[in-house]
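# Working through the structure, step by step
Listed below are the residues making up each chain.
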Amino acid sequence: MVAERQYLIDALKKSGIKSQVYTTMKKLKAANEPHLAAVLQSGEEFERSGSKRNFVDQEGRRKRRTKLWSRDTKLHVVIADTTDEKVEEILTRFLTIIDKGLAVDRNWVNIVIGKADWVEEGDSILKAKVAVQFDVTFEGGIYKDSELIGKDITVSYSKEG
């Protein structure tokens, strides 16, 4: 979850957020600025998996990667500013920066953007006039790699956040 959160923070900074990007609800509630962004933990879901894939690593060794768990990490993103136009501009830049996915610990993680919810000044705890908030889901997994050498199999672990 650390790499995914940092990826979103970096994307928000590149999108035009000049202030600190908040990572806790406590700090966000205490923020007294109209221009801000936040990346908050929203939860994770795990589902048992058993898919396997054989591959050859960079050193030429045959390996089998077993996906032990599917792991969906959800982070809640908030972008706030003084006008609809400013929020729209930052949101549009953010969406152009976000890739389809990213590599975490040598494993691909898909990025899925959820439904956006626009809130006005009176409907939010924020000091901003307008804010947009949405969930970003990172669809990854937890894997176990096994080296294939004839009938001998050695095991190494690879986790993905």
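Note that the coordinates shown come from a computational prediction; the quantities given were computed from them, not determined experimentally. (Residues numbered from 1 in each chain as written. Predicted model: local features only at pLDDT ≥ 70, side-chain atom pairs only at ≥ 80, totals over all residues. Heavy atoms only, no water.)

## Structural notes on the pattern of salt bridges
Taken as a whole and judged by the stated rule, the model has eight salt bridges. Across the salt bridge formed by Glu-44 and Arg-71, the nearest N and O atoms sit 2.7 Å from each other. Here the residue Glu-44 occupies a position in strand S2 (residues 36-48), and Arg-71 occupies one in strand S4 (residues 62-81), the gap between them amounting to 27 residues. Glu-44 sits in the partly exposed class, given a relative accessible area of 29%. Look at Arg-71 and you get buried, because its relative accessible area is 15%. (Salt bridge = Lys/Arg side-chain N within 4 Å of Asp/Glu carboxyl O. Helix = DSSP H or I, 4+ residues; strand = E, 2+ residues; numbered from the N terminus. Buried < 20%, exposed > 50% of the residue type's maximum accessible area, 1.4 Å probe, protein only.)

## Description of the packing of aromatic side chains
Under the counting rule described, the total for this entry stands at one aromatic pair. Centre to centre, the rings of Phe-94 and Phe-134 are 5.8 Å apart; their planes meet at 50°, and the pair counts as tilted. Residue Phe-94 is located in helix H3 (residues 84-97), and its partner Phe-134 is located in strand S8 (residues 130-149); the two are separated by 40 residues in the primary sequence. For the pair formed by Phe-94 and Phe-134, the shared burial category is buried. (Phe/Tyr/Trp six-rings, centres within 6.5 Å; stacked < 30°, edge-to-face > 60°.)

## Comments concerning helix H1 (residues 2-15)
The end-to-end C-alpha separation of H1 is 20 Å, in line with the 20 Å expected for 14 residues at 1.5 Å each. Looking at H1, one finds that the buried residues are Glu-4, Arg-5, Tyr-7, Leu-8, Ile-9, Ala-11, Leu-12 and Ser-15. Just past H1, the residue Gly-16 takes up positive phi, approximately 120°. (Expected span 1.5 Å × (residues − 1).)

## A look at H3
For H3, with 14 residues, the first-to-last C-alpha span of 20 Å sits near the 20 Å given by 1.5 Å per residue. Inspection of H3 places Val-87, Ile-90, Leu-91 and Phe-94 among the buried residues, and these make up the whole buried set. Taken around the axis of H3, the buried residues stretch over an arc of 100°, which confines them to a single face. H3 presents Glu-85 and Thr-96 as exposed residues on the side facing more than 90 degrees away from its buried surface. Packing partners of the buried residues in H3 comprise H1, S4, strand S7 (117-120) and S8. (Arc of directions from axis to C-beta. Contact = heavy atoms within 4.5 Å.)

## Observations concerning the nonpolar core
Counting residues in each nonpolar core, the largest one holds 27 residues, and the members touching the most others are Leu-8, Leu-12, Ile-79, Phe-134 and Phe-138. Among the secondary structure elements, those contributing two or more residues to this core are H1, S2, S4, H3, strand S5 (101-104), strand S6 (107-113) and S8. Apart from residues lying up to four places away in sequence, Leu-8 is in contact with Val-39, Leu-75, Val-77, Phe-94, Ile-98, Val-136 and Phe-138. With twelve residues, the next largest nonpolar core counts Ala-38, Leu-40, Val-119 and Ala-131 among its residues. (Core = buried A, V, L, I, M, F, W, Y, C linked by side-chain atoms within 4.5 Å.)

## Considering the pairing of S8
Most of S8 is tucked away: 14 of the 20 residues are buried. Looking at chain direction, S6 and S8 are connected through four bridges and run antiparallel. Bridge pairing links Ile-111 to Phe-138 in S8. Where S7 meets S8, four bridges bridge the pair, whose relative direction is antiparallel. By the bridge assignment, Glu-120 is partnered in S8 with Val-130. (Pairing = 2+ DSSP bridges.)

## Focus: unusual backbone geometry
Although it is not a glycine, Asp-105 sits at a positive phi angle of roughly 50°. Of note, Asp-105 is situated in the loop between S5 and S6. Of note in this structure, Arg-106 is not a glycine but carries a positive phi near 65°. Structurally, Arg-106 can be placed in the loop between S5 and S6. Among the residues examined, Arg-106 registers a relative accessible area of 63% and is labelled exposed.

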